[in-house]
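Tertiary structure, described
Single-letter residue listing:
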Amino acid sequence: MGAEVGAQAARSRALAVLRIRGRALAVGLLPAAFAVVLAAGAATGHMVGDGWRTARWTVTVVALVVLAAAAGIALVVARARPAVSPTVPIAEERAPDLYRLVRDLADRLDVPAPSAIALTPDCDSWLEDRTHPAHGPPKPKDDEGRIPRDADDPGIRGGAGRGRVPAAPVLVIGSPFLWWMRVGELRAVLAPVVAGTGPSAHPDIAAARRFVRGLDAAVAVAAAPGRGPLGRVVLGCVGWVVRLLLRSCRGHAGEMERGVAAAAAERAQTVDYGVRIVAQEQVGLAYAGWDRLLTRVALPAWRMGRWPSRLDVGVVAALTELSRRDRLAEGFASRLGERPACDLLEEPGTVDEAASLLAARLFHGGPAEPGPDWAPVDWQEYPDEVVDRKWRMDAARLHRVLDALGVRGSVDPASPEPEGPTLARVMDHLATATRTGESVAPVDPEDATVPAEDLTDAADTDATVSPDDDSTATADLEDAEDREDTATALLAAGLSAESAREESERPAPPVPAAGQGPDGALWDEGMLPLFPLQPPRTGRELVADHVTAMVCCAAVDTAGAAPGLDWLDGPSLLVDGERAKDLTPRVLSLVEEGDPEPLRAWLTRLGIRPEKPVRLV
């Protein structure tokens, strides 16, 4: 009963959207109708005379102009390519068990099966309409390059007819769900999603959705840059009309989608209701683990030109670690004995690699294909290939900035300079300059890696850089405490400038040709990254990160420590096989208060020699 009520409400809203479309069509045809009436009157001798002739020609010209404008707008709406979510398509031969599960679920719900299945590197699942001709798979060509007339488009139930794209929507599944969830949980989570194909198959709802998606795509076309003066004027008028129509049907379209969702949820109540309650808890847990894995683990690798090739496997490891640490999550680890949903794939490793590469593309803007500067990295190689390299790159950047500031390797002018970069140089500089509040004298700009005038200017103003690269530092000097800490401010400004310089020298990722990569031709390459992960950091946070990297390098080179990977916190320092958890507050004490004693005591306890030179990149 509830499903029928929701479906009926969705149909009524769809009819309201179609009525708006009909009124827009009527407005475009109304001048032509008047012109036809006047022409018919003249032909029958009822509307003769100079006045009628003038009116007839005036209305005819207006009708032609309005018809041309309406035809142009209709052409833009019809040819505009609706936005499509970037996904990894999964063919049936690559996941026959998954397709069989979806078909059985559709049969139990008595709804049409989705036309295809795709994966997205996100913790969500939905149905996506890809009935636009531009979204269909490329049709096969003969030896002469022509498309045969009997070329069919495959779907879940086979061919969809001559020259047609599948009518049913595509089922998009979040890839973390397949690795963390069990088969029964995945079925329960997908039940309300698959049930949405029932209302979607109604002709009125499908037509209303196509109209709204066409308007939305036309707005994007009208707003696209790179047009000439005439094109901007014409498309500006088209965009104004399309936005007016979109505003008129926005409320009805929203209520229509709510009705479809309500109908689908009510229909899915009969399928695995008890399991779905438990599975929803796993959805929230998977989302938390996925977000933590991307921001703490994957992002440092992406910013170094490496991309972890098994992100979904990492989600399982991260959530298992969470289950070990959190008593509230202890019950989730017992689920690992059941069959995971990734067993429904024939080659889960290949699919995980494709989803991991797409995640790097979406969240970081990396290249679409692996290359010399964009290589995959396994989790076993992550500590050496990512963590250790990141620490040494940060330490090298820190010492380049200190060189630009003219900081000596030793506080005592009579002492000889050390043979290489040392941790003692960093500690002495922050402790001495912060306690005294004295500024460091800049050196000759020609001898500095970072221009000294850039450091001074950046220290006097707020410096914020792009959040999608290593230059996401902010020299936040707005409050009085930051303004007094000249050493930290200058150091943060120099690190920001150096990071920005390194990022500007990095080559831009190549744009793939049409059709390459996952759904490569269906979304705008210029919008990447779609979801940047790294928020801006304050100057003190930036300095603290670089000082921590220097401490870790000293620990590895002088005390036998090792780089490690914490699934929830990212790069970590391992001392005697245990994670060093008490380093951060001691570094902050040095950076914020200029007090090196807590850090010095920690180094002494672990046998770390700050005066010894460390190896940099």
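Here the structure is a predicted model, which means the values were calculated and not measured. (Residues numbered from 1 in each chain as written. Predicted model: local features only at pLDDT ≥ 70, side-chain atom pairs only at ≥ 80, totals over all residues. Heavy atoms only, no water.)

**A look at the side chain of Arg130**
Among the secondary structure elements, Arg130 is positioned in the loop between β3 (125-128) and β4 (152-155). Residue Arg130 is classed as buried on the basis of its relative accessible area of 11%. Side-chain polar atoms of Arg130 contact the backbone oxygen of Ser85, separated by 3.3 Å. A distance of 2.9 Å separates polar atoms of two side chains, one belonging to Arg130 and the other to Glu128. (Helix = DSSP H or I, 4+ residues; strand = E, 2+ residues; numbered from the N terminus. Buried < 20%, exposed > 50% of the residue type's maximum accessible area, 1.4 Å probe, protein only. Polar contact = N/O pair within 3.5 Å; in protein donor to acceptor, adjacent residues only side chain to side chain.)

**Thoughts on the packing of aromatic side chains**
Under the defined criterion, the tally for this structure stands at two aromatic pairs. Taken together, a centroid distance of 5.8 Å and an interplanar angle of 45° make the contact between Trp379 and Tyr382 tilted. Given a relative accessible area of 0%, Tyr382 falls into the buried group. Residues Trp379 and Trp567 carry aromatic rings whose centres are separated by 4.9 Å and whose planes lie at 75° to one another, so their mutual orientation is edge-to-face. You can see Trp379 sitting in the loop between β8 (375-377) and α13 (382-405) and its partner Trp567 sitting in the loop between β11 (562-566) and β12 (570-575), a full 188 residues away along the chain. Taken together through their ring pairs, the aromatic side chains of Trp379, Tyr382 and Trp567 make up a single cluster. (Phe/Tyr/Trp six-rings, centres within 6.5 Å; stacked < 30°, edge-to-face > 60°.)

**Focus: the nonpolar core**
Counting residues in each nonpolar core, the largest one holds 113 residues, and the members touching the most others are Leu186, Val194, Trp302, Leu311, Val547, Leu573 and Trp602. Excluding residues within four positions of it along the chain, Val194 makes contact with Val102, Leu105, Ala106, Leu109, Val111, Pro114 and Leu171. Membership of the second largest hydrophobic core comes to 24 residues, among which are Ile20, Val76, Phe211 and Val238. (Core = buried A, V, L, I, M, F, W, Y, C linked by side-chain atoms within 4.5 Å. Contact = heavy atoms within 4.5 Å.)

**Some details on the environment of Val84**
Take Val84: it is sitting in the loop between α2 (50-79) and β1 (88-90). By relative accessible area, Val84 is classed as buried at 5%. The spacing of Val84 and Glu128 is 44 residues in sequence and 7.8 Å in space, taken between C-alpha atoms.

**Some points on the sheet that holds β3**
The four strands are arranged β1-β2-β6-β3 in an open sheet whose pairing can be described as mixed. Each of the sheet's edge strands pairs with one partner strand only, and the pair in question is β1 and β3. Strand-to-strand twist of the sheet, defined as the mean angle between neighbouring strand axes without regard to direction, takes the value 30°. The pairing of β1 with strand β2 (residues 116-120) spans three bridges and is classified as antiparallel. Residue pairing for β2: Ile90 is matched across the bridge by Ile117. Across the face of the sheet, helix α3 (residues 96-109) comes into contact with β1, β2 and β6 (170-174) while running at roughly 115° to β2. (Pairing = 2+ DSSP bridges. Axes fitted to C-alpha atoms, helices over the stretch in contact; angles between N-to-C directions.)

**What about the packing of helix α10 (residues 311-325) against helix α12 (residues 348-364)?**
Taken N-terminus to C-terminus, the directions of α10 and α12 make an angle of 90°; their axes are 7 Å apart at the nearest point. When the axes of α10 and α12 are compared, the pair comes out roughly perpendicular. Residues Leu311, Asp312 and Val313 of α10 lie in contact with α12, whose contacting residues are Asp352, Ala355, Ser356 and Ala359. Class assignment of the residues belonging to the contact of α10 with α12 gives a composition of four nonpolar, one polar and two charged. (Parallel < 35°, antiparallel > 145°, perpendicular 65-115°, else oblique. Nonpolar A, V, L, I, M, F, W, Y, C, P; charged D, E, K, R; others polar.)

**Notes on the pairing of β12**
Examined bridge by bridge, β11 and β12 share five bridges and lie antiparallel to one another. Looking at the pairing, Pro563 lines up with Leu573 of β12. Two successive antiparallel strands, β11 and β12, enclose a turn made up of three residues. Where β12 lies against strand β13 (residues 578-579), two bridges are found, and the strand directions are antiparallel. Among the inter-strand pairings, Val575 is bridged to a residue of β13, identified as Glu578. From the end of β12 to the start of β13, which pair antiparallel, there are two residues, and Asp576 there has a positive phi angle of about 55°.

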